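Descriptive structure summary
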Amino acid sequence: MRKPRRQQLDFENGGFCHLSSRCVRQSFLLGRDFDTGKDFSYRRDWIEKRVLFLTSVFSVELFGYAIMENHYHLVVNFIPKLAALWSPEEVARRWLRLRPRKTPELNDSWVEEVLSDPDYLEELRERLCTAPYFMKELNEYIARRANHEEKTTGAFWSGRYYSRSIKNEDDMVGCMAYVDLNPMRAGVVKNPEQPGQHTSLVRRLEEIEFHQAQVNASSHETLVIAESSDKSSHPDQSRDEDSDKTQHPIPLRPLVSGHGRLVTRSLDVGTDIPITLNSYRHRVSVLATHGAGLPRKKCRRSRKRPSSEDWLDHWLHLMRGFRRRAPVRTPLYDWMKADIQEESSSSALDTIFSTSFGSSAAT
């Protein structure tokens, strides 16, 4: 029996943890489904935007993520101490962002009701800084949206989500590297920094490029004037400042929603990992070249539909378990094997089983 979530994670003090969830029956509901031919890759954007939105509501920091075709990984840091500093009204307003009412008048009346109930207010405060409600708001939203799109009902995620507590910062960096190398291990890409992948490493690089392009494009003339004036007054001071910026890189910090320089988040309270982005990229590349990013054949095999011959071998292996001395090869097996090789369609296999086992079952 699995341990309760309170024994796996520290709800009172929070901390780093690794969260993961997989689609039902390991189906490719977040990528290209090889059985139906449909492409659900756009659902990865749903998960990415939802995760970034939840990080702005919950007392949690997002350090790494990877969204694959049938599962996703999150590396987060829950901070209950930050939630304890929120005012009662802020707690109620944050919860309204998750569960808004139909009209603004109902929102104001609901806030007044919550402020008059301190016990329920403390319960909401605890919900906004724990993993169970964070994963509930994520998985339930994606499942409802996907079922509404396909006009169906049923489970979208396979059972409970995976959770593991991370003890120190070294394990934290190793877990982030493991998450960012998921597309490379699956054989989807050959380089973990290849654009187009829904990983935290790719997002950090894209956001930095976006910010640099935005800075270079805006106020170019004013920058030229400022540089000329600085050089005329202090010719060596500008060079020293530029060298200091390159020598003192910014440490790795949590991801935030929206565009901007992700490595320099605007939050006043937060956790910094004692490793720079360049050092982290070097560590990921070293792990990728030394076997941690090698593709596994199991992921490729799971996409192929089993042939009729493979199914027959599997069926014979199961039937051997019901009899103590079942032969490996029988005349019935050879006869069915020959007919399967002649008739490649699945309808021929159904007729063979109906004619052979239907008559024996009737007698």
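Residues numbered from 1 in each chain as written. Predicted model: local features only at pLDDT ≥ 70, side-chain atom pairs only at ≥ 80, totals over all residues. Heavy atoms only, no water.

In terms of regular secondary structure, the chain is built from 17 helices and 6 strands. In the chain, which comprises 363 residues, the share counted as buried stands at 38%. In the chain, 68% of the contacts between residues at least 6 apart in sequence involve partners at least 24 apart. Accessible surface computed for the chain: about 22,300 Å², of which carbon and sulfur atoms make up 52%. (Helix = DSSP H or I, 4+ residues; strand = E, 2+ residues; numbered from the N terminus. Buried < 20%, exposed > 50% of the residue type's maximum accessible area, 1.4 Å probe, protein only. Contact = heavy atoms within 4.5 Å. Areas by Shrake-Rupley, 256 points an atom, 1.4 Å probe, with all protein chains shown as cover.)

Turning to its location among the elements, Arg 94 is positioned in helix α4 (residues 88-98). Take Arg 94: its relative accessible area is 17%, and that puts it in the buried class. Non-local contacts of Arg 94, meaning those with residues more than four positions away in its chain, are made with Ser 56, Val 57, Phe 58, Trp 86 and Leu 128.

Residues Leu 19, Ile 47, Leu 74, Phe 134, Phe 156 and Trp 157 are the most contacted members of the largest nonpolar core, which totals 47 residues. Of all the elements in the fold, those that place two or more residues in this core are β1 (15-22), α2 (43-57), β2 (60-67), β3 (71-78), α4, α5 (104-115), α6 (118-127) and α7 (131-150). The element that contributes the greatest number of residues to this core is α7, accounting for 7 residues. (Core = buried A, V, L, I, M, F, W, Y, C linked by side-chain atoms within 4.5 Å.)

With that settled, consider the pattern of salt bridges. Inspection of every chain in the model, using the stated rule, returns 16 salt bridges. Among the salt bridges present, the one from Glu 137 reaches Arg 99, with a minimum N-O distance of 2.6 Å. Of the two residues, Glu 137 sits in helix α7 while Arg 99 sits in the loop between α4 and α5, which places them 38 residues apart along the sequence. Judged by relative accessible area, which is 5%, Glu 137 ranks as buried. (Salt bridge = Lys/Arg side-chain N within 4 Å of Asp/Glu carboxyl O.)

Our next topic: the pairing of β2. Of all 8 residues that make up β2, 8 are buried, and the element is covered over most of its length. Pairing of β2 with β3 involves 7 bridges; the strand directions are antiparallel. Bridged to Gly 64 within β3 is Val 75. (Pairing = 2+ DSSP bridges.)

With that settled, the discussion passes to the confidence of the model for the chain. For the chain, per-residue confidence averages 78 on the pLDDT scale, and residues scoring 70 or more make up 67% of the total. This model gives residues 357-363 a pLDDT under 50, and the stretch forms 5 contacts once residues within four places in sequence are excluded. (pLDDT = per-residue confidence, 0-100.)

A word on the packing of α4 against α5. Contact geometry for α4 and α5: axes closest at 10 Å, N-to-C directions at 135 degrees. One way to sum up the angle between α4 and α5 is to call them oblique. For α4 against α5, the interelement crossing comes out right-handed. Across the interface between the two elements, Pro 88, Glu 89, Ala 92, Arg 93, Trp 95 and Leu 96 from α4 touch Asn 107, Asp 108, Trp 110, Val 111, Val 114 and Leu 115 from α5. Per-class residue counts for the contact of α4 with α5 are 8 nonpolar, 1 polar and 3 charged. (Axes fitted to C-alpha atoms, helices over the stretch in contact; angles between N-to-C directions. Parallel < 35°, antiparallel > 145°, perpendicular 65-115°, else oblique. Left-handed = near helix turned anticlockwise from the far one by under 90°. Nonpolar A, V, L, I, M, F, W, Y, C, P; charged D, E, K, R; others polar.)

Within the secondary structure layout, Leu 74 lies in strand β3. Residue class for Leu 74 comes out buried when judged on its relative accessible area of 1%. Sequence separation between Leu 74 and Leu 62 is 12 residues, and the spatial gap between their C-alpha atoms is 7.6 Å. Filtering out sequence-adjacent residues up to four positions away, Leu 74 remains in contact with Cys 17, His 18, Leu 19, Val 51, Leu 62, Gly 64, Tyr 65, Phe 134, Met 135 and Leu 138.

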